[in-house]
Amino acid sequence: IEENSQQTIRTQSAELVQLQAWINPHFLFDSLFSISNMARLEGNEEITAFSEYLASYYRYLTQTGGLELVPITDELAHSRNYIEIQKIRFGSAITTTIQDSNASYQDLKVPRLIIQPLVENAFYHGLADIEHKLLKLTIEVKNHALHIAVENNGTINHDTIALIQKRLESDNLSGLVNVYK
């Protein structure tokens, strides 16, 4: 009886945590939607766009349902949202190019959050100290394999490369390490 009672309490607690996880993003999305509407009424298109990009970004991050694999088009849309947010932040100091013209991969499924962490690393590590930032994201099929490349005009030294390689072999669960694993 005691074991059943404890199991019931654990189940109810898990359901409450799941409900709270749903309520918090719901409040965030409603708030961002309100900001977007207020900005639209004031004629401020930049804040309107920024809040809509943020809402889409966080909606994708907080999706539930154990989606391990997602359509690459969803991954690309999420990465585009991230890039648009950064373009608003950096203004004319950044130029971005996305090349994804090959339709042969459109139906592929990829691990969720596999592209955006690469783009984020390019911004924070490759472009951090550069005045005019260039970022290029290319997705293509070559030799029956999907190739995703994120390039930037930043500089990187051998010590940094060695540190990155060491982190990739660690058990640290960061964005780039998760993508690598």
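All figures in this text were calculated on a predicted structure; none of them were measured in a lab.

What counts as what
- Residues numbered from 1 in each chain as written.
- Predicted model: local features only at pLDDT ≥ 70, side-chain atom pairs only at ≥ 80, totals over all residues.
- Heavy atoms only, no water.
- Helix = DSSP H or I, 4+ residues; strand = E, 2+ residues; numbered from the N terminus.
- Buried < 20%, exposed > 50% of the residue type's maximum accessible area, 1.4 Å probe, protein only.
- Contact = heavy atoms within 4.5 Å.
- Pairing = 2+ DSSP bridges.
- Axes fitted to C-alpha atoms, helices over the stretch in contact; angles between N-to-C directions.

Undergrad: Just to check I follow, could you spell out the environment of Ile88 for this structure?
TA: Within the element layout of this structure, Ile88 appears in helix H3 (residues 72–90). Relative accessible area serves as the criterion here: at 24%, Ile88 is assigned to the partly exposed category. The spacing of Ile88 and Glu46 is 42 residues in sequence and 7.6 Å in space, taken between C-alpha atoms. Every residue in contact with Ile88, bar those within four places of it in the chain, is listed here: Glu46, Ala49, Phe50 and Tyr53.

Undergrad: Help me understand the sheet that holds strand S4 (residues 133–142) in this model?
TA: Think of a sheet as strands paired side by side through backbone hydrogen bonds, with each pair either parallel or antiparallel. Here three strands make up an open sheet; going across it, the order is S2-S4-S5 and the pairing mixed. The open sheet terminates on both sides in strands that have one partner only, identified here as strand S2 (94–99) and strand S5 (145–152). Between one strand and the next, the sheet's axes are offset by a mean angle of 5°, whatever the strand orientation. Where S4 lies against S5, eight bridges are found, and the strand directions are antiparallel. Looking across to S5, one finds that Lys142 is bridged to Ala145. The strands touched by H3 within the sheet are S2, S4 and S5, with S2 carrying the most contacts at an inclination of about 170°. Strand contacts of helix H4 (residues 116–126): S2, S4 and S5, with the helix running at about 20° to S5, the strand carrying the most contacts.

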